[in-house]
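# Overview (structure and organization)
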Amino acid sequence: MTDSLHEQGAAAPVLDPSFSTEIVADGRADAPEAVLAHDVAAEPAAPEGPHPFAKLGLAPELVAAVRDLGYIEPTAVQTKAIPMAMPGNEEQDASAAGFVDLMVSSQTGSGKTAAFLLPVLHTLLLQQQREEEEAKAEHARLAAEAAARGEAPPKKPRRVNPTQSRNFKAAVPGALVLCPTRELAQQVAHDAIELVRHCRGLRIANVVGGMPYQLQIARLQNANLVVATPGRLLDLQRSMQIKLDQVRFLVVDEADRMLDLGFADDLAEINQLTIQRQQTMMFSATFAPRIQQLAARVMREPRKVQIDSPQQKHANIRQVLHWADHASHKRALLDHWLRDPAIQQAVVFASTQIECDGLANDLQQAGFSAVALHGALSQGLRNRRLMALRNGQVQILVATDVAARGIDVPTISHVFNFGLPMKAEDYTHRIGRTGRAGRDGIAVTFAEFRDQRRIFDIEAFTKQQFQPEVIEGMEPTRRAPTAQPPRGGAGRGR
Ligand code: AMP
């Protein structure tokens, strides 16, 4: 299943004049793919100081990477989840391997990626070091035996170049991270590569649809941790390019989204293929009943970690609502906002791919540096547009929900909901594109009066009421609707 199936009204990709060919030529334009597989040369680890991440019990190589990334303190989800996810923690009950399964509810932007990557990488690193020591000891033993017999020591096996296609072997990763969308998978793989920069020989590979098959296979070689979307992973497993029976750690990221996108059967299959694993972690925005049912199927007595309730979320994001009389009123309000000089970069959400293309075109015509991003565009184009956003070559990204998942660009100062999200929880994911990495953000929602049901749903989900605002000279002709009491809750009139 491709994510584009979940957006409506697929249309031809927009040709964007603001998107120069330099970006294509720029080495960095390829970065999301170019960095997918990574074998780090022996870089010396920075000396370990009293870094707060060291207190979580992480290996010095990982603490050094975290220090390089400028993380000073672990975030709430990291403080809570990392020690629980580490092996042999005293908090853990006697599961044979010393690992517990974790079910973590944490919003995007909270540092959840490092919360699952760090403990998994830590354990992979320890395993790798142990295996190397065992191999060394075995070689020393054989050498001593040979010497006792007066023979030459045994030769070490010749190293083959794993990147040559004639040496390709099925990958046998020890850890697997599943993500619902390509963009999120690429972001997670990118974060993992940053975190293993001081770990010699730990390889990260990214498996997503849209990448040429051969290239994907090349990049899978010797991968220790694979970050994948379920469909392409199963394709590669069926064609025996990857074996999942050595997977010890399985992480399901954004499990709620995974179910929304119809990956339940794929998850069940991957669950079976990795049934001998030692640990499963599931991250989700909510613990909705369907997530709990999934957890019951794929985890053993998971421990729950709840970080934020929807009410506490996004305290650093100012949320604004404008009621509009009709679509062109909404468009004028958007135009007004986009001319605000305080905007560094913005994501404008559209409801459908057609609306997304149309709006991006419109904004280009109006002189904005805007591009569209949605699931009907080729993966290469999506990557280049995201990279252009990241590099500051594009100011406004017009996106659908699926395509915008996982976008992590700290300079996004504003999020605009031009088309409302289909589901209330998508609102939370959308606005989480701003206010990242400790910054403040503004999320502006435009609603026509006929959308009031959806606005009430969002208020019920976030347990926060919008305070509608008006722009002088652009007021709606009707009065703002009054909120309805939340279903099943106490009244909360305005
Ligand atoms: P995530 O919730 O994993 O998408 O992370 C959101 C952003 O926070 C990413 O840009 C991370 O690099 C950043 N981040 C993660 N952990 C920390 C930390 N402990 N300190 C500062 N930034 C962090």
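Scroll up to find the structure.
Heads up: these notes are all about the structure in this document. (Residues numbered from 1 in each chain as written. Predicted model: local features only at pLDDT ≥ 70, side-chain atom pairs only at ≥ 80, totals over all residues. Heavy atoms only, no water.)

Now for the pairing of strand E1 (residues 102-105). A two-sided burial pattern is seen for E1, the buried positions comprising Leu102 and Val104 on one face and Met103 and Ser105 on the other. Where E1 meets strand E6 (residues 279-284), four bridges bridge the pair, whose relative direction is parallel. Bridge pairing in E6 links Ser105 to Ser284. By the bridge criterion, four bridges tie E1 to strand E7 (residues 303-306) in an arrangement that is parallel. Looking across to E7, one finds that Met103 is bridged to Lys304. (Buried < 20%, exposed > 50% of the residue type's maximum accessible area, 1.4 Å probe, protein only. Helix = DSSP H or I, 4+ residues; strand = E, 2+ residues; numbered from the N terminus. Pairing = 2+ DSSP bridges.)

Right, let's get into the sheet that holds strand E3 (residues 204-207). The strand order E3-E4-E2-E5-E6-E1-E7 describes an open sheet built from seven strands, whose pairing is parallel. In the strand order of this sheet, the two ends are held by E3 and E7, each with one partner. Neighbour-to-neighbour, the strand axes of this sheet turn through a mean angle of 15 degrees, independent of strand direction. In this fold helix H6 (residues 182-195) packs onto strand E2 (175-178), E3 and strand E4 (225-228), with an angle of close to 175 degrees to the strand it touches most, E3. Strands in contact with helix H11 (residues 289-298) are E1, E6 and E7; relative to E6, the strand with the most contacts, it is inclined by about 170 degrees. (Axes fitted to C-alpha atoms, helices over the stretch in contact; angles between N-to-C directions. Contact = heavy atoms within 4.5 Å.)

This part covers the environment of Asn206. The topology assignment puts Asn206 in strand E3. The spatial distance from the C-alpha of Asn206 to the C-alpha of Gln216 is 8.0 Å, given a sequence separation of ten residues.

Phi at Glu301 is positive, roughly 35 degrees, even though this residue is not glycine. Its location among the elements puts Glu301 in the loop between H11 and E7. The backbone phi angle of Lys463 is positive, close to 55 degrees, even though this residue is not glycine. Relative to the elements of secondary structure, Lys463 occurs in the segment after helix H17 (452-462).

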